[in-house]
Every structure is written in structure tokens, then in C-alpha cells.
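# Survey of secondary and tertiary structure
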Amino acid sequence: MQLSRRSITKALLLAPAMLPNRTFARQNDSIQPLDTGDVIIKSISPDGSTLMGLADRDVIAFLNAETLEEVSRTEPVAEIKLLDELSIAWSPDSGKIAFSLDAWIRGRDSDIFVVETATGTITNLTGEGTEEEAPLLFGEESHGLLIDVYPYWMSNDTILFGRHQMTDEMITCVLTTLRLSSNEVDNWASLHDKGLPFVAGPLHRVGENSMAMWMTDDSSKPTVVVARATGELERINSADVPFPRLVDADEAFAYLISADGNGDVWRIPMDGGESQPLQEVLGLAQSAAVTTYPACGPEPGSFVLVADFARNGTQVLLFDGTESRSIAALDEFPASATCHWVEGRLLITNRGDSYLIDIAD
């Protein structure tokens, strides 16, 4: 594959759009944004105890989710300004986060960084010893770079991520594991030899040793695939979704949008069953509401999103796999919101404001 600025740029898909929808009974009291001072919240730990956010663009901070008191923060690090928010991943024990840089949008090299929650200690796990941590991807100086993106914690000691290496004529792409205790690196699954040179979005576990992800093929067209440690690779049936982009996935379903800007969300069964528009899953009329993208819940088939209804205001909708219900109301619709559903809690992050909701069984 001939590597150029155009080929890398075409590996990117457009930013999220919004989707139309229906009505639910409005909650009496609207929840209010969290007061987190100079910290813009971005994520929540798997156990729901800790919030992670950014301060001054180049500092990562952790807050106690109950008291909002600061637990720790990093020293200012220039690479944090290049952080890809979609790459933020928590270790299963909630003791660390990993993240990578926004390589394809910024045109910069990316490594896998880890931050300890308790201390704010930040470590570049895959740095290549150069003076510049994130050099440009264009030009001869980029040849031989290892571009590491989208970490996923397989365990508290092992991270899986997409690794790309650029040469004069091509780019190689493999899913790679890194063991923190020994710094041992292994190839988990090769992708470039199957015509897939770019990992373009986060990894989602969809079964034992199976990961779903959004990629681009040799012709720079987006595709959604499931890779397995055995080397097998399966493309998710996205015939109804032109230019598919993966929003989230679990063992039961993948949730796809089209990067052509129309904003529709499709639910695709992982077993190859019939795809369905998300508004049909929720029982919403096509033009009843505008919603954010869904986020998968703890149980396969469950998800949550925020919907803005013309008559009933902004509602947080939870779908438990069978039916949906409103669990909270917001005073305003957070158009750029992202939902983060962990066991018993939902965090909604926006450009500035964030909301925390306890979810009753």
C-alpha cells in the first residue's frame, strides 16, 4: 500500500452526528451538572468510584466520584494535549488508565501511556527513545515508527492494542499484547495481510478472545470486523450502513453509524441476524427525538443514551435488552454527550458539563 497524507486522512471517518426519535414521561426533577472545578470529566472507573478528567489540557486528574475531591493528578505532559478521548481505557481493578494519542487526525506518532489512579504517575509504555515523543507521520522521518493506538485491558497486567509500522512502501498492522510486569510484547492477530492496514477506533471485547473494531481496508474504505486470537477474521454485515463506523459492541450486538453524516444508528446482531434501526429497537417514531449515540451496558443487549423530545424535554433512556425506560431528566440536551455505563452508575460527559446517575436495579 502506497502511504501518503491522503491515504492516512482517508482512514478517518467523520465526527458523530445526531439521530431522530419518540416520547417518554418526563422526570419531575432534572439532575444537575457536577461541580468539578478546573477538571473536565472524561471517564469513570469500572467500579464507579473514580472520575478521570483533563485540566489545563496537559494534565490528567482523578476525582473521588462521591465527594468530587481530587485523588491525584499528573505533572503537565505535552502529549496529553494529543490524547484521543476514545482511547481511554481502565484496568479491570480501576487502578490505572491507559490511553493513546490521536494519531490519524493529528498526523502524529502515538504510543500507549498508562497512568496510576492513586498517584498520577504517568508512563509511556511503548516509547521508542526519541527526543520527540510524537513526531509527524509524514516524511522520511516517519519510516520505521511504531504507531500504537487504542489500548484494551485483557487483564490488570496485559494490554492489547493496535500496532502499525510504516515503511517506504506500506504499513503493517497487528493487534499486539504488552505484559506490564515483564514488558513482554507479542503479536495477537495480524491484520494487514488480510487487507486491513489501519485500526481506526477502540477495541471492544465481544467474546472469549474476540475483539470487534472499526478499521479501514486497502482502498481506505471503512469496515467493522471481529478479530480472534486464532487468526480468524470476520467482517460484520454492514450492508445497511454505508461507510460504517463502530460506536459500541458487546457479545450480542454491534452498534454502527454511517460516516456519511445522516446520523442513523443500526443495531447489528453478532450472530449474523437481521440489522435494525435503533429507533425501532426503542419503539421511537423517526422524527420524535434527537439522541446521542448508545453506550453498551453491563449485560449483553443493554444500552443507554440521551434523547431530546420536543414536548418532554431531555431524557436519559436505558434499554435493558427488552424494553426501555427513562431514568433521569436533564435541563438541557448535551448534543456532544458521551455515555459511560459501569456497574450501578452512569456518567454522561459533554464538552464541559458532566452528570452522574446512580442506576437502580
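Read on for an overview of the structure. (Residues numbered from 1 in each chain as written. Predicted model: local features only at pLDDT ≥ 70, side-chain atom pairs only at ≥ 80, totals over all residues. Heavy atoms only, no water.)

### Quick notes on the environment of Ala55
Inspection of the secondary structure assignment puts Ala55 in strand β4 (residues 50-55). On the basis of relative accessibility, which here comes to 0%, the residue Ala55 falls in the buried class. Residue contacts for Ala55: discarding those within four places in its chain leaves Asp38, Val39 and Arg73. (Helix = DSSP H or I, 4+ residues; strand = E, 2+ residues; numbered from the N terminus. Buried < 20%, exposed > 50% of the residue type's maximum accessible area, 1.4 Å probe, protein only. Contact = heavy atoms within 4.5 Å.)

### Digging into the sheet that holds strand β9 (residues 113-116)
Strand order in the open sheet formed by four strands is β7-β8-β9-β10, and the pairing between neighbours is antiparallel. The open sheet has two free edges, formed respectively by β7 (89-90) and β10 (122-124), since each of these has just one partner strand. Direction of pairing for β9 relative to β10: antiparallel, over a ladder of three bridges. Counterpart to Val114 in the pairing with β10 is Thr123. (Pairing = 2+ DSSP bridges.)

### Things to note about the pairing of strand β27 (residues 313-319)
Across the seven residues that make up β27, a large majority, six, are buried. Summarising the sheet, strand β26 (residues 303-309) and β27 pair through seven bridges and their orientation is antiparallel. Paired with Ala307 across the two strands is Gln315, which belongs to β27. Counted along the chain from β26 to the antiparallel partner β27, the turn is three residues long. Hairpin connection of β27 to strand β28 (residues 324-330): four residues between the antiparallel strands, including Gly321 at a positive phi of 110°.

What is shown is where atoms sit, not what they do.
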